[in-house]
Amino acid sequence: MKNTMIRRLLAGILGTAALAAGAAEPVIDLSAKTEKLVAFQEPGKFCGWPANEGIWSWGDEILVGFELRDYLKSSKTHSADYSKPGRCVLARSLDGGRSWKLETPEAFNRPEYIGDASRNDRQERPPRKLAEPLDFRAPGFAMKLRGTMFYTSADRGRNWDGPFRLEIAGVDRLLMSRTDYIVEGPHSCMIFTSALKSDGKSGRSLAARTDDGGLSWKLVAWLTGEPELGVKNSFSIMPSTVKLPDGTFVTALRERRNKKKWIDIRRSEDGGRTWDKAATPSEMAWNPPSLIRLADGRLCLTYCDRRKPYSLRARLSRDGGRSWGPVLILRQDAASWDMGYVRSVQRPDGKVVTLCYYTTAELEPQHIAATIWNPEEL
């Protein structure tokens with residue numbers, strides 16, 4: 001107890017010092033205390049964008065998705081060779097993120113996956129309508145949302161069924177889904193995803209719900225007003241959502257208006273029907289956020305900052321996302337801005353495993369990095 005109080009006092013002092021030095025936000029550098037591991041890397045390959053492909057966990061068993069492409073170094077765009085097909089793969093850890101094994105589900109590597117024309121120009125297996133209700137609370141259940149489709153697994157992601165068409169009543173624009181869902185009953189589930197704006201450009205986030213096991217989905221609400229139309233790169237996308245014990249939904253959104261980029265926190269206290277802005281924990285974030293609820297009730301936000309020095313960051317909230325503690329630097333040894341797309345989970349022992357794609361001077365091709373850290377020390 002005494003050591004904990006000392007650590008918290010020190011954190012407050014360091015945060016105040018950072019503000020006094022002119023920093024926009026109080027900052028605490030924890031990089032020397034975090035465990036930095038490589039979840040997957042392959043010579044000559046670019047690994048990217050875990051936030052696009054999803055994460056699931058069952059205790060110390062963690063499953064993360066990412067895209068694998070040939071590496072082609074670039075300082076102006078992603079260091080991936082888009083002239084050749086890429087594929088979606090998974091990495092699984094059975095020991096809380098310390099060791100990982102690659103998995104290559106056949107379901108995610110057909111031409112229709114996310115509608116990527118670079119893979120093929122024909123549809124070998126078009127998405128189909130779900131025929132039987134899903135049991136969202138079945139042991140080993142996992143669901144993956146991507147593009148206008150979703151996939152399901154009954155064995156913790158070892159085998160996948162799909163793709164199934166993702167159609168939401170009340171949404172007539174192409175969806176750009178990533179995996180973000182909250183199970184509310186055996187046949188009830190909320191998903192949080194994105195659709196195109198009315199000008200046909202990216203994008204706007206929404207909440208949708210099913211009460212019949214995924215046979216039908218209905219729009220619950222848009223999470224924000226429609227971002228400005230006709231403005232380059234004007235969007236509010238890639239929600240990452242948690243549900244508090246009192247039923248409140250809290251989501252973190254990736255916001256951009258032309259060159260301005262930030263993260264907003266929004267809350268709903270009426271089942272997702274209306275949403276209010278609660279905070280802006282980062283005013284210059286170039287990456288989608290990951291939001292989880294810790295076992296002690298705090299919210300944990302992780303994200304990457306693509307400004308020099310390129311860094312992996314976290315912030316904690318004790319009041320449901322209304323206010324946030326100091327910026328926690330988990331690591332800042334990246335060699336390029338081409339990194340990020342974070343996903344995080346908490347282990348049974350309280351430590352957080354944060355995964356992102358990353359590049360360092362020692363390991364140049366982008367790889368999947370696992371950073372293990374302990375929020376209970378703060």
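All values derive from a computational prediction rather than experimental measurement.

K.L.:
Explain the overall build of the protein chain to me, please; I cannot follow it from the model alone.
P.N.:
Across its full length, the protein chain carries two helices and 26 strands. Partitioning the contacts of the protein chain with sequence separation of at least 6, the portion at a separation of at least 24 is 53%. For the protein chain, the accessible area works out to roughly 16,100 Å², and carbon and sulfur atoms hold 51% of it.

K.L.:
Explain the pairing of strand β9 (residues 149-153) to me, please; I cannot follow it from the model alone.
P.N.:
Regular strands have side chains that alternate between both faces of the sheet. Of all five residues that make up β9, five are buried, and the element is covered over most of its length. Side-chain alternation along β9 places M149, Y151 and S153 on one buried face and F150 and T152 on a second face that is also buried. Here five bridges tie strand β8 (residues 142-146) to β9, and the two strands are oriented antiparallel to one another. Its bridge partner being in β9, A142 is matched across the sheet by S153. Where β8 folds back onto β9 in an antiparallel hairpin, the turn is made up of two residues, including G147, whose phi is positive at roughly 65 degrees. Taken together, the three bridges between β9 and strand β10 (residues 161-165) define a ladder with antiparallel strand orientation. Bridging across to β10, M149 finds its partner in R165.

K.L.:
Explanation requested: the sheet that holds strand β20 (residues 290-293) in the structure shown.
P.N.:
The strands that make up a sheet are held in pairs by hydrogen bonds between backbone atoms, and each pair lies either parallel or antiparallel. One open sheet holds the five strands; their spatial order is β1-β23-β22-β21-β20, and the pairing between them is mixed. Of all the strands in the sheet, the pair left with one neighbour each is β1 (27-29) and β20. Ignoring which end each strand starts from, the neighbouring axes of this sheet average 25 degrees apart.

K.L.:
Looking at this structure, I do not really get the side chain of E67. What am I missing?
P.N.:
As for its placement among the helices and strands, E67 is situated in strand β5 (residues 61-70). Exposure remark for E67: the relative accessible area of 6% places this residue in the buried category. Side chain to side chain, E67 and R69 meet in a polar contact 2.8 Å long.

K.L.:
In this structure, what is going on with the confidence of the model for the protein chain? I would like to understand it.
P.N.:
Caution applies to low-pLDDT parts of the model: their predicted coordinates are not meant to be read in detail. Of all residues in the protein chain, 89% attain a pLDDT of 70 or more, and the chain-wide mean is 90. pLDDT under 50 marks residues 1-23. Its contacts with residues more than four places away, or in other chains, come to 14 contacts.

K.L.:
What should I look at first to understand empty space enclosed by the protein in this one?
P.N.:
Where empty space is left in the structure can be found by rolling a water-sized probe over the atoms. Overall, the coordinates contain one cavity of 30 Å³ or more when judged by the stated rule. In this structure, the largest cavity occupies an estimated 60 Å³ of space. Taken together, A51, M176, S177, R178, D180, F192, T193, S194, M238, P239 and R343 make up the lining of the largest cavity. Here the lining of the largest cavity takes three residues from strand β13 (residues 189-196), the largest share from any one element. Within the lining of the largest cavity, the residues separate by chemical class into five nonpolar, three polar and three charged.

K.L.:
What's the story with the nonpolar core in this structure? I'm lost.
P.N.:
If you look at soluble globular proteins, the nonpolar side chains tend to sit buried side by side. Of all hydrophobic cores here, the largest spans 31 residues; its most connected members are M143, F150, W160, Y181, I191 and W217. When sequence neighbours within four positions are dropped, the list of residues in contact with W160 reads W56, L63, L90, P105, A107, F108, A142, M143, K144, Y151, T152 and S153. Grouped together as the second largest cluster of nonpolar side chains are 27 residues, I55, I62, Y71 and I372 included.

K.L.:
Explain the pairing of strand β25 (residues 352-358) here, please?
P.N.:
With seven of seven residues buried, β25 is to be regarded as a mostly interior element. Taking every second residue as pointing to the same face, both faces of β25 are buried, with V352, T354, C356 and Y358 on one and V353, L355 and Y357 on the other. Sheet topology note: the strand β24 (residues 340-346)/β25 ladder contains five bridges and is antiparallel. What sits directly across from G340, in β25, is Y357.

K.L.:
Is there a simple way to explain the environment of E184 in this structure?
P.N.:
Relative to the elements of secondary structure, E184 occurs in the loop between β12 (181-183) and β13. Sequence-wise, E184 and T210 are 26 residues apart; in three dimensions their C-alpha atoms are separated by 9.7 Å. Setting aside its immediate chain neighbours within four residues, E184 contacts R137, C189, M190, R209, K243 and F249. One polar contact links E184 to R209, side chain to side chain, over a distance of 2.2 Å. In this structure the side chain of E184 is engaged in a polar contact, spanning 2.4 Å, whose partner is the side chain of K243.

K.L.:
When you look at the pattern of salt bridges in this model, what are you seeing that I'm missing?
P.N.:
Pairs may arise between side chains of opposite charge once their charged atoms sit close together. According to the stated counting rule, one finds 27 salt bridges in the structure shown. In this structure, the salt-bridge partner of K45 is D70, at a minimum N-O distance of 2.5 Å. One end of the pair, K45, is in strand β3 (residues 45-48); the other, D70, is in strand β5, with 25 residues separating them in the sequence. Note that E53 is salt-bridged to K144, the shortest N-O span being 3.0 Å. With E53 in helix α2 (residues 50-53) and K144 in strand β8, this pair connects stretches of sequence that are 91 residues apart. The same class applies to E53 as to K144, namely buried. Ionic contacts of the salt-bridge type, sharing partners, join the residues E61, R92, E103, R156 and R158 into one network.

K.L.:
I would appreciate a short explanation of the layout of surface pockets in the present structure.
P.N.:
A volume near 870 Å³ is recorded for the largest pocket. As for the largest pocket, its lining consists of 26 residues, and the residues nearest its centre are I55, S57, Y181, I292 and V345. Listing elements by their share of the lining of the largest pocket, those giving two or more residues are β4 (55-58), β12, β16 (234-243), β20 and β24.

K.L.:
Quick question: what am I supposed to make of unusual backbone geometry here?
P.N.:
One can expect most non-glycine residues to show negative phi and most peptide bonds to be in trans. A cis amide bond, omega -20 degrees, links S202 with the succeeding residue G203. Among the structural elements, G203 can be located in strand β14 (residues 202-210). Positive phi values are uncommon outside glycine, yet M238 reaches one of about 55 degrees. As for its placement among the helices and strands, M238 is situated in strand β16. In this model, N258 sits at a positive phi of 60 degrees, which is unusual for a non-glycine residue.

Analysis parameters
Residues numbered from 1 in each chain as written. Predicted model: local features only at pLDDT ≥ 70, side-chain atom pairs only at ≥ 80, totals over all residues. Heavy atoms only, no water. Helix = DSSP H or I, 4+ residues; strand = E, 2+ residues; numbered from the N terminus. Contact = heavy atoms within 4.5 Å. Areas by Shrake-Rupley, 256 points an atom, 1.4 Å probe, with all protein chains shown as cover. Buried < 20%, exposed > 50% of the residue type's maximum accessible area, 1.4 Å probe, protein only. Pairing = 2+ DSSP bridges. Axes fitted to C-alpha atoms, helices over the stretch in contact; angles between N-to-C directions. Polar contact = N/O pair within 3.5 Å; in protein donor to acceptor, adjacent residues only side chain to side chain. pLDDT = per-residue confidence, 0-100. 1 Å grid on protein atoms, 1.4 Å probe; cavity = no way out; pocket = protein on both sides within 12 Å on 5 of 7 lines; lining within 4 Å. Points joined across faces, edges and corners; volume = space filled by probe spheres on them. Nonpolar A, V, L, I, M, F, W, Y, C, P; charged D, E, K, R; others polar. Core = buried A, V, L, I, M, F, W, Y, C linked by side-chain atoms within 4.5 Å. Salt bridge = Lys/Arg side-chain N within 4 Å of Asp/Glu carboxyl O.

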